[in-house]
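# Breakdown of the fold
This is what each chain is made of:
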Amino acid sequence: IRSRSARNMVHAASDYCCLEPVTFDNGGGTVPPLAVGTCQLSLPVTNKENALQIAIDSCCSRYPGGATLILPSERIITGSLTLRSNLTLHIPPGGLIDGSHNPTEYPLGPPLPSYGTARGNARNVSVVHRALLYGPNVHNVVITGGGAIDGNGGVAGWWALEKNGTLLYQRPRLVQLVNASLIRIANVTLRNSPFWTVHLVYSQGVVIENATILAPRDSPNTDGVDVDSSRDVAIFNNTIDVGDDAIAVKSGINWFGRNVGIPSVNVTIAHNRIWGKAIAIGSEMSGGVSDVVARDNLMGDPTGSVTGLLIKSERGRSGYVRRIRFERNHLLNVSIVYSWIPALVISDYYGNHKETNVTATPQIENVSFIDTRVDFAEQIGCLMGLPEAPLRGIIFSNLTIGGNHTGFACANCIDCGICRGPGSTACAFH
C-alpha cells in the first residue's frame, strides 16, 4: 500500500500483518479484469487481532474497484473470515488458510431462512456457526492460486462432536456464499470441512473448476459442493472425495423452503472425477430444482465403491424436480459399502421421516439417463414415487451395465423407463 497513512493503519491494528505493493503476472489469468490493485500479505501472520481479516478489508478499501490479496506460501491460522466484493484471494502453492480449532472464532448467527433451523445433531438449533470463509452479498470474488484451505473438521473435534451427539451448535461450513454473484473458485484444495464444504445459497453466476475437495469418507455431512436456491452454476474438472454427496443441488426444506421459494436453476456438472458418494438432487428441494445437466463425470474406482446418481425427496417436501439430464456418466463400482443405494435412484421415500401431509408432495418429472455406463452395481436402479404424486417421464437410453446382483425396482411411476405403454404406472425393465 503506497500511502503512509494506509500503511500505518494496518500496522497499528496488528504487528503481525504487513501489506506491501507488488507486481503480479496476469499471464495465468488469476486476476479478474476488474482488478486494479494488488497487495501482498507478509509474514509473520497469526490470528492475533484478526490479521488476515484486516488484510482483506484494507486491500479492498484501498482498491474498491478490484483488489488482489496474495497470501504467503505459509500456514495462516484463522477463525471465520468475511469476504468482500471485487476481491481475488490468491493462495499460492504451499499457502494454507488453516481453520482455528476454537469454536468461539466462528461467530453464531441465525439459520438460513429456507431452512429455519440448524441441520445435523446440534443441541441448539436456533443458531449456527458461521463458515470459515463467509461471503454475504458479495460480487466479483475469486478464490484461487494453487494453495489450500483446511477446516480441521477432524483434529478440531467437529466430526466427533456430531457423531457422539454432544455438538452444541451446527458446525461451520468451509466456504459459504449467500446472495452472491459472479464467483469463481479455481485451482485450490478445500479439505476437512467441519460440515458442507462449498455452499452456494441464493446466488448466481458461479464457476467452480479445477478444485480438489477432500474429506475422509466416514466424515459426517462433508458434502463437496451444495448448490442451494442458486442459478447459473458451472462445476467442472474438479476432483472430489468426501464423506457425503460430492455434489448436491438443493433449494431449502419443507415449509421454510416453500416460503422462500427460490429454486435452483441452470446447473451444469461436467468432467468431474468423483470418489465415494456421487451426485444428488435433494433431499432438500422444497423451493424447486430444474434444468440440471450432469454429464461426462467419472465416479468411483474398480476396487472401492461409489453411490450413483440420486434424486431424493419425501412426502412433506413439496416443491418440484424437473428437466434433469444425466448424460455420458461412468460409474465404476456401486457396491458393498453403499449397497443400500442403487446406482440410479429417484425416490420419494428418502430418510426415516413419517410425514403424512399428502398435500405437500414433491413433483418429480422429465428426468433422463442417457449413455450411462455402470461397470458393476449391487442393484441397478430404483424408481419410487408416491401414490398421490407418481414420478413422471423418467427415461433411460443406452444404459450399459457391466454386472449386477439385482435389476430395477419401480413403483408409482408413469411413463418411466421401458414402460408397458403410455400412461402405465408400472415399468417393465429388460
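This write-up is about the structure you can find in this document.

What counts, and at which threshold
Residues numbered from 1 in each chain as written. Predicted model: local features only at pLDDT ≥ 70, side-chain atom pairs only at ≥ 80, totals over all residues. Heavy atoms only, no water. Core = buried A, V, L, I, M, F, W, Y, C linked by side-chain atoms within 4.5 Å. Buried < 20%, exposed > 50% of the residue type's maximum accessible area, 1.4 Å probe, protein only. Helix = DSSP H or I, 4+ residues; strand = E, 2+ residues; numbered from the N terminus. Expected span 1.5 Å × (residues − 1). Pairing = 2+ DSSP bridges. Phe/Tyr/Trp six-rings, centres within 6.5 Å; stacked < 30°, edge-to-face > 60°.

Counting 86 residues, the largest nonpolar core has L69, L133, I143, I185 and I394 as the members making the most contacts within it. At five residues, helix α2 (residues 51-62) tops the list of elements feeding residues into this core. Core analysis: the next-biggest nonpolar cluster, separate from the first, contains eight residues, L112, F195, W196 and V201 among them.

Let us look at unusual backbone geometry. In the segment running from G282 into S283, the intervening peptide bond is cis, with an omega of 0°. Phi at N152 takes a positive value of approximately 55°, unusual for a residue other than glycine. Summarising the element assignment, N152 is placed in the loop between β12 (148-150) and α3 (158-164). Of the residues examined, N152 reaches a relative accessible area of 8% and is grouped as buried.

The subject of this paragraph is α2. Its 12 residues place the ends of α2 16 Å apart at the C-alpha level, agreeing with the 16 Å of an ideal helix rising 1.5 Å per residue. Counting buried positions along α2 gives nine out of 12 residues, so the element sits mostly inside the fold. Within the span of α2, buried status applies to A51, L52, Q53, I54, A55, I56, S58, C59 and C60.

Overall, parallel pairing links the 11 strands, which are arranged β4-β7-β12-β15-β18-β21-β24-β27-β30-β33-β36 in an open sheet. What marks the edges here is a single partner per strand, and that holds for β4 (75-78) and β36 (400-401). Of the strand pairs in this sheet, strand β21 (residues 239-242) and strand β24 (residues 273-276) are connected by four bridges, and their pairing is parallel. By the bridge assignment for β24, V242 is matched with G276.

Turning to the packing of aromatic side chains, a few remarks are in order. Counted according to the given criterion, the structure contains seven aromatic pairs. Ring geometry for Y115 and W196: centres 6.4 Å apart, planes at 70°, overall edge-to-face. Of this pair, Y115 sits in the loop between β8 (108-109) and β9 (128-129) while W196 sits in the loop between β15 (189-191) and β16 (198-201); the two residues are 81 residues apart in sequence, bridging distant segments of the chain. What makes Y115 buried here is its relative accessible area of 3%. Ring centres of F195 and W196 lie 5.0 Å apart, and the angle between their planes is 10°; this geometry places the pair in the stacked category. Accessibility assignment for this pair places F195 and W196 in one class, buried. Joined through ring pairs, the aromatic side chains of F326, F369, F396 and F408 make up one cluster.

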